[in-house]
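Coordinate analysis (summary)
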Amino acid sequence: QVQLVESGGGLVQAGGSLRLSCAASGRTFSSYAMGWFRQAPGKEREFVASISGRGGVSYYADSVKSRFTISRDNAKNTVYLQLNSLKPEDTAVYYCAASTAQITSRYGRYEYWGQGTQVTVSS
């Protein structure tokens, strides 16, 4: 069982930056691939980024590639998402998730989810 708690969301102007954190419980954090997803009002939850258990491989949605960076610190049981050059269309609730599968962008392969953190980008 893994419990995930996100933090770091907030209100930022377009072009600004935020750093999201996701703290995980448990002693086997490095055995999980971690992912970030987001859901805007009236839209389906969509993949943002994912990272392998040891952090050596990462994968991004085309819409955020070169602007967002996923990383993890297994000693701290934490995964991060650095959001740069934010756009109003990045406004959403951001969720972190853990998967026992290898790194994946597939929503259904993630077994554990956090409660989400709101990111709002004003124009």
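Here, the structure is the one placed above.
**Observations regarding the sheet that holds strand β1 (residues 4-7)**
Strand order in the open sheet made by the 4 strands is β1-β3-β8-β7, with antiparallel pairing throughout. The open sheet has two edge strands, β1 and β7 (68-73), and neither has a second partner. For this sheet, the mean inter-axis angle between neighbouring strands, taken without regard to orientation, is 15°. In this structure, strand β3 (residues 18-24) lies alongside strand β8 (residues 78-83), joined through 6 bridges in antiparallel fashion. Paired with A23 across the bridge in β8 is T78.

**Concerning the side chain of T104**
Within the secondary structure, T104 sits in the loop between β9 (92-99) and β10 (112-113). Among the polar contacts listed, one links the side chain of T104 to the backbone nitrogen of R106, at a separation of 3.0 Å. When sequence neighbours within four positions are dropped, the list of residues in contact with T104 reads F47, S50, S99, R109 and Y110.

**Focus: the packing of aromatic side chains**
Throughout the structure, instances matching the rule amount to 8 aromatic pairs. Taken together, a centroid distance of 5.2 Å and an interplanar angle of 80° make the contact between F37 and Y110 edge-to-face. Residue F37 is located in strand β4 (residues 33-39), and its partner Y110 is located in the loop between β9 and β10; the two are separated by 73 residues in the primary sequence. No difference in accessibility class separates F37 from Y110, as the two residues are buried. Here R19 stacks its cationic end above the ring of Y80, 3.9 Å away from the centre of that ring. Over the face of the ring belonging to F29 we find R72, whose NZ or CZ atom lies 4.4 Å from the ring centre.

**With respect to the pairing of β9**
β9 sits mainly inside the fold: 7 of its 8 residues count as buried. As paired strands, β4 and β9 are joined by 7 bridges and run antiparallel to one another. In the strand pairing of β9, G35 is matched with A97. The pairing of β9 with strand β11 (residues 117-122) spans 3 bridges and is antiparallel. Bridging from a neighbouring strand, V93 pairs with Q118 of β11. Sheet topology places β9 next to β10; 2 bridges connect them, and they run antiparallel. Of the residues in β10, the one forming a bridge with A98 is Y112.

What counts as what
- Residues numbered from 1 in each chain as written.
- Predicted model: local features only at pLDDT ≥ 70, side-chain atom pairs only at ≥ 80, totals over all residues.
- Heavy atoms only, no water.
- Pairing = 2+ DSSP bridges.
- Helix = DSSP H or I, 4+ residues; strand = E, 2+ residues; numbered from the N terminus.
- Axes fitted to C-alpha atoms, helices over the stretch in contact; angles between N-to-C directions.
- Polar contact = N/O pair within 3.5 Å; in protein donor to acceptor, adjacent residues only side chain to side chain.
- Contact = heavy atoms within 4.5 Å.
- Phe/Tyr/Trp six-rings, centres within 6.5 Å; stacked < 30°, edge-to-face > 60°.
- Buried < 20%, exposed > 50% of the residue type's maximum accessible area, 1.4 Å probe, protein only.
- Lys NZ or Arg CZ within 6 Å of the ring centre and 35° of its normal.

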